[in-house]
Amino acid sequence: MPESSWSGAEERVPTDDHVAYGGFHGAASRRHLLLPVLHAVQDSIGWVSHGALNYVSKRIPVAPAEAYGVATFYDLITTEHMPARVARVCDDVVCKAGDGNKLISDLEAELGPENTANGESMWVRSACLGHCEKGTVAFIQRAGEQALTIAPATADEIAAVLRGDSVTTNTPPVPAPFFTALTKAHTMGAAAVRNEVVASGIRGRGGAAFPVGVKWNGVANAPGDTKYVVCNADESEPGTFKDRWLIEQNPFALIEGIAIAAFAVGASKAYIYIRGEYREAEDLLASALEVAGSDLDVDIEIRRGAGAYICGEETALFNSIEGFRGQPRQKPPFPTQSGLFGSPTLINNVETLAAIPGIVTDRGAAFAQIGTEESTGLKLFCVSGNVGNPGVYHVEFGVTTRELINLAGGANGEIQAVLTGGAAGSFLTETQLDVPLTFEDGRDSGISLGSGAIIVFNTDVDMMEITHRIAEFFAHESCGLCVPCRVGTTRQLDIVGRMREGSDTQTDRRDLDNIGWVMRDASICGLGHTASNAVESAIRIGLIGSDA
Amino acid sequence: MIESVLPNPGLVEVTVNGKTVLARPDATILEVCRAENVDIPTMCFLETLSPFNSCRLCVVEVTGSRTLVPSCSRTVDRGMEITTESERIANTRQTLYEMYASTVDLSLADADTQRWMAKYDVSPDRFGHYEAHREVKVQDDLYIRDYDKCVMCYRCVAACGPDAQNTFAIDVAGRGLFATISTEFDVVLPDSACVYCGNCIGVCPTGALMFKSEFDMREAGTWDENRQTITTTICSFCGVGCNLDLHVQDNRVVKVTSPIDHEVTDGHLCIKGRFGYAYLQSEDP
Amino acid sequence: MLGAGGGTSSYKEIETTDLIILWGSNARNAHPIFFHHLAKGVRNGAKMYTIDPRRSESAEWADTWLGIDVGSDIALSNTVAREIITAGLVNTEFIEHSTSGFATYAESVESWTLERGEEITGVPADAIRSFAHDYAKARTAQLCWTLGITEHANATDNVLSLINLSLLTGHVGRWGSGLVPIRGQNNVQGGGDMGALPNKFPGFQDVTDPDARAKFEATWETSVPVEPGWHISQMIDAMESGDLTALYVIGENPAQSEADVGRTRKLLEGLDHLVVQDMFLTKTAKMADVVFPAAAGWAETDGTVTSSERRVQRVRKALDPPGDSKDDIEILTMLAGKLGHDWELQSAEAIWDELRSLSPMHAGMSYDRLEALGGLQWPCPDENHPGTPFLHAWLWEDPMPREPAPFSVVRWVPPVDPLADDFPIRLTTGRRLDSYNTGVQSSGYRSPIRADAVLDMTKEQAADLDVAEGQTVKVTSRRGSIEVRVRIVKGLRRGLVFMAFHAPDEVDVNRLTIDAWDPKSGTAEFKATAVRIDKIPEG
């Protein structure tokens with residue numbers, strides 16, 4: 001018998017008169033649909049009105065206050081009336097090193113101030129949109145039409161789309177896949193596959209560098225009948241674009257990696273949580289899944305983020321998929337024991353999962369031969385900013401930052417600063433440029449590899465502005481759950497703001513130090529733990545402040 | 001009797017500030033410490049609600065842990081070594097209170113908070129003086145909401161929602177420092193799902209949520225807790241047997257709460273228990 | 001039956017049970033704090049069934065709501081029983097060890113096929129079947145009910161039919177499995193405990209039991225009549241027949257709360273003498289020859305009450321009562337004096353201690369222990385006894401210490417007030433969240449959500465009647481008629497409308513209800529009235 005629609009729908013059917021199904025458990029089982037439904041409303045109407053929210057709330061059903069709490073959590077969902085077309089234009093650190101500031105002033109001249117409706121259109125500034133190798137970027141939401149990305153973007157092009165000009169997007173054709181590694185994995189058996197992953201020594205590529213094999217065995221051995229695999233494709237770290245690049249290059253490597261992972265840990269359901277602004281990559285993945293899906297034993301579902309950096313944190317990502325506000329959970333319990341929907345969950349980054357087919361095909365031992373003892377295999381680095389050929393570089397672990405910059409065509413002009421690991425990373429000193437980029441060397445010398453972002457700033461860049469932009473980024477992206485991060489990111493921004501105005505007092509320095517320490521020591525998740533890294537290192541090495 | 005049918009888990013040994021203590025394996029560090037009379041400050045934690053991990057005031061050092069550990073939500077492990085006071089901890093707690101003080105009005109925060117702020121030598125204006133600027137929401141005859149005093153501890157959200165009342169009239173909206181407790185689209189409470197159980201008020205630690213009776217008396221300058229008695233009795237409005245604490249001033253009930261440690265209510269009541277006393281003192285009997 | 005009348009379980013049990021059945025109860029509104037415990041159970045994974053003609057706020061929580069027609073409860077329980085039996089899901093071991101009369105009972109439900117059950121209750125057969133199977137197979141199950149079961153002319157049979165289901169499946173006498181009637185008022189249970197029943201002494205000791213009578217007569221220094229007294233519905237009949245001419249009413253408002261109040265009021269007016277003891281000058285008090293102004297029992301006096309989990313708890317004096325009003329003990333003592341008995345004015349505790357000396361199930365409950373432990377659940381026979389979280393564990397003992405629990409043959413009869421062409425709509429009544437009974441005590445505060453004086457119906461029903469929300473209609477039963485505003489709601493269906501009874505001064509719903517009462521319990525049939533609804537011509 002079908003579930004009753006009585007509790008949600010306006011109309012009910014006569015058979016509902018004497019029986020209804022669903023109740024609390026029915027509603028709870030549909031809660032995960034909340035974000036996709038809000039996306040659907042946002043995409044077609046351009047915003048989520050009170051009436052629309054109430055309707056969504058009744059249909060799922062979920063309490064309207066809760067739905068409102070979720071809707072207001074995300075940048076890409078708006079609960080105030082918005083024009084039909086909204087351009088989100090990157091003014092983050094990499095763009096600032098390039099032509100980003102010029103684009104912003106061009107837009108101001110051509111379209112007027114940001115955040116101001118102009119007929120059916122509007123533009124606003126945005127955090128990094130993950131196309132740093134291409135120069136300037138704009139992401140444009142269009143009510144009733146597919147959202148799109150323009151990179152590189154000019155003010156004229158953005159204005160044209162905002163006017164409603166039609167744009168032809170060409171999704172590259174998707175080739176038919178050959179899942180030879182997956183076939184081999186099935187022959188080997190789940191335990192043997194996990195053994196190969198352990199033998200490979202591969203560590204997670206998302207930033208935390210946890211040994212992947214340990215995680216896989218943890219999930220496989222965790223008690224419970226239902227297990228999940230989640231691919232973290234919520235790539236939002238400023239200066240990072242490798243996951244998008246990987247999907248564009250070969251979505252099947254990722255899909256095959258997920259299928260192998262699901263087989264190896266005993267999951268029949270997998271999710272790919274992809275950044276909300278990566279619509280083109282999402283389409284490509286969706287087409288690839290359509291081609292590959294019937295060959296797989298695992299059901300892979302794409303879930304779209306909605307503009308919240310915090311959702312790259314694994315437990316916040318679970319909450320987001322489950323239809324709650326994307327706030328992190330206190331660990332332990334760790335996802336391997338209690339993750340998505342409370343079940344043991346394997347969550348890995350795109351790059352990690354895409355490396356799995358190679359490990360299965362060539363054996364873990366071969367993978368372990370590459371790189372260093374603790375940092376095995378090849379790694380993708382995103383080199384951007386003032387370099388000759390910004391892009392993704394696939395290199396063996398052990399290269400230095402200076403070598404990578406040279407690989408990317410060398411610096412344009414004189415290097416003033418290099419930021420590794422994105423906003424959550426830190427600025428390098430001159431000597432650190434020659435430290436090999438491995439997990440062990442990074443740990444010893446205080447360099448954060450993080451997501452593999454390497455951003456080069458030449459002497460033309462205002463490092464005060466860059467540091468301020470990073471402080472602003474964290475104040476905007478803090479989810480607000482825990483006090484150290486909720487208040488600390490804003491107080492950090494206050495002080496950096498004062499420094500930008502030319503004030504640099506001992507009290508502010510001491511407070512900044514204290515704020516950073518408390519955020520790192522007492523915040524609930526990695527966002528707070530790392531929110532002071534860049535600011536602190538900028539001061540330490542004299543990029544900003546009265547010593548600069 | 002209950003004991004005989006529930007599993008009796010084995011105890012584990014942990015050390016608290018060097019002292020060896022036996023604890024249930026599902027006990028939190030906070031439970032174990034408070035049972036040992038170790039003073040640990042909290043703001044968002046309440047025994048009857050799930051831990052929210054918001055205030056972080058309860059952090060302690062656990063040997064082997066890189067960062068401080070929230071004692072309210074971490075359960076003990078065998079052999080865990082816990083330190084509850086150190087310069088690192090004191091400095092963190094002081095800074096957290098100073099962060100709070102820069103974003104909210106703590107003038108009506110509970111007595112424990114006032115005591116801890118003194119203990120940790122808090123300078124409330126360190127990160128800037130907080131100027132109250134929000135209008136108090138007075139939308140009916142029973143409640144007031146003064147979000148200038150809201151510390152975003154989430155207690156009210158949990159009491160309204162999954163941990164007790166399951167009504168979900170309010171949730172957190174927005175993000176970061178701009179997050180607020182809100183009904184959908186900030187509609188007035190009578191237009192929301194609110195059923196006026198008062199459980200949000202019952203759990204609020206800072207006076208941001210208040211019964212209008214108390215608010216009116218405070219405004220009039222007649223609220224005086226030194227002249228109040230608290231008498232526990234049983235609600236008369238149905239057969240469940242909820243414990244009521246009647247707060248009485250000048251032979252008038254001025255507020256009704258429920259003891260948090262009673263297993264019937266866990267400190268929660270319904271609209272009748274909270275407000276049904278009114279007839280006792282109606283002017284026109 | 002199963003002995004002393006009280007819920008078998010503790011509220012806590014519902015938090016960890018596997019299956020929750022809420023039968024004839026909108027606990028979310030009528031017993032909100034019990035529902036907190038229930039919601040914990042659902043969140044912990046319990047499956048929930050609700051049986052209620054209305055899809056109430058509580059029913060919306062249920063995995064399955066069975067929307068029976070009003071008054072078909074026994075039809076449903078007998079159908080469920082037959083399905084459990086024919087599907088081979090009975091707890092054979094338990095039935096053989098702990099019960100009696102199974103064969104006769106099984107025979108009595110044989111005709112209740114799923115098809116017949118569907119025909120009488122309106123609930124689809126496969127939903128009844130799933131309910132039966134889930135209840136029988138659950139590891140533990142809590143079967144809870146309130147006035148939807150008991151405010152019928154066949155209230156006792158309704159309850160017996162639910163007890164039968166628990167005996168069939170062994171869902172009684174264990175932690176997590178039990179029978180849970182949630183009481184409507186704070187001391188319904190305590191009233192029973194204290195012997196405020198026509199046939200019982202305190203502690204559910206029978207007045208016909210010579211040993212019990214001798215014990216009480218010795219302590220009370222007087223003789224106690226052997227014959228049981230009358231319950232309230234019998235008293236009303238006795239007023240009509242002239243056998244009852246004087247009435248002393250303590251804390252009741254029968255002029256508004258009784259079914260078919262028109263008749264009750266006439267009978268009260270016809271009494272030779274009416275004494276009312278109340279906190280308020282109620283409608284009944286206004287009719288009285290003498291009024292004793294009483295203090296509020298829960299806030300202005302000391303004493304005890306007993307909750308629905310048999311927990312005896314202290315009420316305490318927090319306020320001085322207003323004016324001349326007095327504690328019930330003082331009033332009764334003064335009255336005794338006027339009647340020639342010079343009673344010493346005793347404290348509530350002293351009277352309680354006398355009770356403890358006479359009622360073994362309360363013997364261990366000293367005021368000190370009640371204070372220290374937050375109340376105690378009876379039976380509590382001595383001061384070292386921890387109280388009893390759940391009853392009837394003896395059913396599982398071997399050998400059985402008592403006679404086995406009997407099945408009861410229960411026959412379904414349709415509601416006394418039949419639907420007919422001129423009364424085609426079923427009116428049922430109930431409680432809303434923010435109000436209480438006749439509203440005397442709950443109208444004192446300004447609830448932002450109050451909606452007492454309305455007639456709830458679905459929009460389909462309103463369309464049939466050609467009326468709109470807010471429009472006043474005339475509702476007529478075989479006994480009288482009232483005017484009331486229409487409110488459109490979900491959760492009802494064509495032919496079923498709902499009213500609360502909290503605002504009798506505005507809308508006197510009990511003018512409509514029928515005073516047919518259950519001969520076994522004396523409860524009136526508030527829940528099933530046949531009505532006609534007419535538009536009131538404009539102007």
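What counts as what
Residues numbered from 1 in each chain as written. Chains lettered and ligands numbered in written order. Predicted model: local features only at pLDDT ≥ 70, side-chain atom pairs only at ≥ 80, totals over all residues. Helix = DSSP H or I, 4+ residues; strand = E, 2+ residues; numbered from the N terminus. Rg over C-alpha atoms; globule rule 2.2 N^0.38 Å. Buried ≥ 20, exposed ≤ 12 C-beta atoms within 10 Å, placed from the backbone. pLDDT = per-residue confidence, 0-100. Contact = placed C-beta atoms within 7 Å. Nonpolar A, V, L, I, M, F, W, Y, C, P; charged D, E, K, R; others polar. Pairing = 2+ DSSP bridges. Axes fitted to C-alpha atoms, helices over the stretch in contact; angles between N-to-C directions. Left-handed = near helix turned anticlockwise from the far one by under 90°. Core = buried A, V, L, I, M, F, W, Y, C linked by C-beta atoms within 7 Å.

Caption draft 1: Structural context of the overall build of chain B. Each helix and strand in chain B was counted, giving eight helices and twelve strands. The C-alpha atoms of chain B give 21 Å as radius of gyration, which agrees with the globular expectation for 285 residues (19 Å, within 12%). Projected onto its principal axes, the C-alpha positions of chain B cover 65 × 55 × 40 Å. Every one of the 285 residues in chain B was classed for burial, and the buried ones make up 54%.

Caption draft 2: Focus on unusual backbone geometry. Look at the link from I60(A) to P61(A): it is a cis peptide, with omega at -15°. With respect to the secondary-structure elements, P61(A) resides in the loop between α3 (50–59) and α4 (64–71). Located in the positive-phi region is N17(B), a residue other than glycine, with phi close to 50°. Within the fold, N17(B) resides in the loop between β1 (12–16) and β2 (19–23). Positive phi outside glycine occurs at D266(B), with the angle close to 50°. Relative to the assigned elements, D266(B) resides in the loop between β12 (252–257) and α8 (271–275). Take D266(B): there are 22 C-beta atoms within 10 Å of it, and that puts it in the buried class.

Caption draft 3: Expanded view of the confidence of the model for chain C. Across chain C, pLDDT averages 91, with 96% of residues at or above 70. Overall fold confidence for the complex sits at a pTM of 0.94, while the interface term, ipTM, reaches 0.94.

Caption draft 4: Structural view of the interface of chain C and chain A. Counting from both sides, the interface comprises 17 residues of chain C and, opposite them, ten residues of chain A. A total of three residues in the side of chain C that touches chain A trace back to one element, the largest contributor, which is strand β3 (residues 64–66) of chain C. Grouping the amino acids of the side of chain C that touches chain A by side-chain chemistry returns nine nonpolar, three polar and five charged. Relative to β3(C), strand β1 (residues 19–21) of chain A runs antiparallel, the two being bridged by three bridges. Each bridged residue has a counterpart across the sheet, and for A20(A) the counterpart in β3(C) is W65(C).

Caption draft 5: Inspection of the interface of chain C and chain B at higher detail. Listed by partner, the interface residues are 48 residues for chain C and 46 residues for chain B. Elements that contribute at least two residues to the side of chain C that touches chain B include exactly α2 (32–43), α10 (188–193) and β13 (311–315) of chain C. Ranked by the residues each element gives to the side of chain C that touches chain B, the list is headed by α2(C), at six residues. The residue makeup of the side of chain C that touches chain B, split by class, is 24 nonpolar, 16 polar and eight charged.

Caption draft 6: Representation of the confidence of the model for chain B in the model. On average, residues of chain B carry a pLDDT of 93, and 95% of them reach 70 or more. In the predicted structure, residues 1–7 of chain B sits below a pLDDT of 50 and forms six contacts with residues beyond four places in sequence or in another chain.

Caption draft 7: Here's a closer look at the environment of A71(A). Tracing the backbone through its elements, the reader meets A71(A) in helix α4. Once residues lying within four places of it in the same chain are set aside, the contact partners of A71(A) are L38(A), V48(A), L53(A), I77(A) and T79(A).

Caption draft 8: Geometry of the sheet that holds strand β10 (residues 228–234) of chain B. All names here are of chain B. Across the sheet, which stays open at both edges, the three strands sit in the order β10-β11-β12 with antiparallel pairing between neighbours. Taken across any chain shown, the strands that pair with only one partner, and hence form the sheet edges, are β10 and β12. Strand-to-strand twist of the sheet, defined as the mean angle between neighbouring strand axes without regard to direction, takes the value 30°. Two strands pair when backbone bridges link them, and β10 and strand β11 (residues 243–249) are joined in this way by seven bridges, in the antiparallel orientation. Each residue of the ladder has a partner; that of Q228, found in β11, is Q249.

Caption draft 9: The environment of E184(B), seen in detail. Here E184(B) lies in the loop between β8 (180–182) and α6 (199–203). Of the residues examined, E184(B) has 27 C-beta atoms within 10 Å and is grouped as buried. Setting aside residues up to four positions removed in sequence, E184(B) forms contacts with L53(A), P64(A), A65(A), A67(A) and Y68(A).

Caption draft 10: Focus on the pairing of strand β10 (residues 378–385) of chain A. All names here are of chain A. For β10, the buried fraction is high: seven of the eight residues fall into the buried class. Judged from the six bridges that link them, β10 and strand β11 (residues 391–396) form a sheet pairing that is antiparallel. Counterpart to K379 in the pairing with β11 is V395. Adjacent in sequence and paired antiparallel, β10 and β11 are bridged by five residues.

Caption draft 11: The arrangement of the packing of helix α3 (residues 73–86) of chain C against helix α7 (residues 125–137) of chain C in detail. Residue and element names in this part refer to chain C. One can describe the packing of α3 onto α7 by two numbers: an axis separation of 9 Å at closest approach and a directional angle of 65°. Classified by chirality, the crossing of α7 by α3 is right-handed. The residues of α7 that touch α3, namely those facing L76, T79, V80, E83 and I84, are I128, R129, F131, A132, Y135 and A136. Partitioned by chemical class, the residues of the contact of α3 with α7 number eight nonpolar, one polar and two charged.

Caption draft 12: View of the sheet that holds strand β10 (residues 273–278) of chain C. All names here are of chain C. Spatial ordering of the open sheet is given by β9-β10-β11, a layout of three strands whose pairing is parallel. Because the sheet does not close on itself, it has two edges, and the strands there are β9 (246–250) and β11 (290–293). Taken pair by pair, the neighbouring strands of this sheet meet at an average axis angle of 10°, ignoring direction. The pairing of β9 with β10 spans five bridges and is classified as parallel. When the sheet's bridge partners are listed, Y248 is paired in β10 with V275.

Caption draft 13: Fine view of the nonpolar core. Residue and element names in this part refer to chain A. Formed by 364 residues in total, the largest nonpolar core has its most connected members in I158, I258, I260 and A270. For this core, the element with the most residues is helix α12 (residues 251–265), which contributes twelve residues. A270 has contacts with Y228, V229, V230, C231, I258, A262, V298 and I300, leaving out every residue within four places of it along the chain.

Caption draft 14: A look at the pairing of strand β9 (residues 345–349) of chain A. Residue and element names in this part refer to chain A. For β9, a buried count of five out of five residues is recorded, marking the element as mostly surrounded by other parts of the structure. Neither face of β9 is open: one carries T345, I347 and N349, the other L346 and N348, and all of them are buried. Here strand β6 (residues 228–233) runs beside β9; their pairing, made up of five bridges, is parallel. By the bridge assignment for β9, N232 is matched with N349.

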